[in-house]
Amino acid sequence: LVPQFDLTVAKTSTATVAATGTTITYTITARNDGPSPASGVTLSDDIPDGLRIITATSSTGTDVVTIPASAIDTTAANPDNITVDVGTLAFTIVAEVLAIPTGTGTPANIVNSVTIAGLGTELTTLPNTSTLSLPVQLRNDLVVVKTITTNPASTGNPAIAAPGTTLTYTLVARNDGPSRATTV
């Protein structure tokens, strides 16, 4: 007799946008709708570039959560798959949105997918992948400082501008971030 199972996975988040410097909590719920027990069940979550993993926890203490070092760093090119050997669980990932999140599409979105797989014969294969897309929200803090200087020889006081005095205005603009400012 060949065991038959039916794995499903769903991903949710309370976040509605991926705002720079904030955290996103993803909740992944996996289950086996049977009729047989599933063995060798694994969740794989490819954390998108622009996110840094803070924590990944299981609702049961027996699940093995593997977080690669690349999912904790800030290098976009590194593979960031989190894997979990599971029974039946709710799994939570908390990730920080980096200062320069990368996304796809216009406007940019951070797209995160999770896949569940098991050993044996599955009754159906849908939905074995769940995807969540959050729009990237950049946060800028633009500052402009204007200073004025006069020719002190004309009045003897650099703070006083007499008629015919040469004035020099200096403008300094900067972005105190945390996101990169564009089209400024």
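This one's a predicted model, so the numbers in the text were calculated from it and none came from an experiment. (Residues numbered from 1 in each chain as written. Predicted model: local features only at pLDDT ≥ 70, side-chain atom pairs only at ≥ 80, totals over all residues. Heavy atoms only, no water.)

A.B. asks: How should I be thinking about the overall build of the chain in this particular structure?
C.D. replies: Across its full length, the chain carries one helix and 14 strands. Per-residue burial for the chain yields a buried fraction of 30% across its 184 residues. Contacts in the chain between residues far apart in sequence, at least 24 positions, make up 71% of those at least 6 positions apart. Summing over all exposed atoms, the chain offers an accessible surface of approximately 10300 Å²; the carbon and sulfur share of this is 58%. (Helix = DSSP H or I, 4+ residues; strand = E, 2+ residues; numbered from the N terminus. Buried < 20%, exposed > 50% of the residue type's maximum accessible area, 1.4 Å probe, protein only. Contact = heavy atoms within 4.5 Å. Areas by Shrake-Rupley, 256 points an atom, 1.4 Å probe, with all protein chains shown as cover.)

A.B. asks: So what exactly am I meant to see when it comes to the pattern of salt bridges here?
C.D. replies: Between side chains of opposite charge, a pair can form as their charged atoms come close. For the structure shown, the criterion picks out three salt bridges. One salt bridge connects Lys11 with Asp45, and the closest N-O pair in it is separated by 2.7 Å. Highlighted residues: Lys11 in strand β2 (residues 7-13) and Asp45 in strand β5 (residues 39-46), separated in sequence by 34 residues. With respect to burial, Lys11 and Asp45 carry one shared label: buried. Arg174 is the salt-bridge partner of Asp176, the closest N and O atoms lying 3.0 Å from each other. Classification of Asp176 as partly exposed rests on a relative accessible area of 42%. (Salt bridge = Lys/Arg side-chain N within 4 Å of Asp/Glu carboxyl O.)

Spatial relationships are all this shows, so hold off on functional conclusions.
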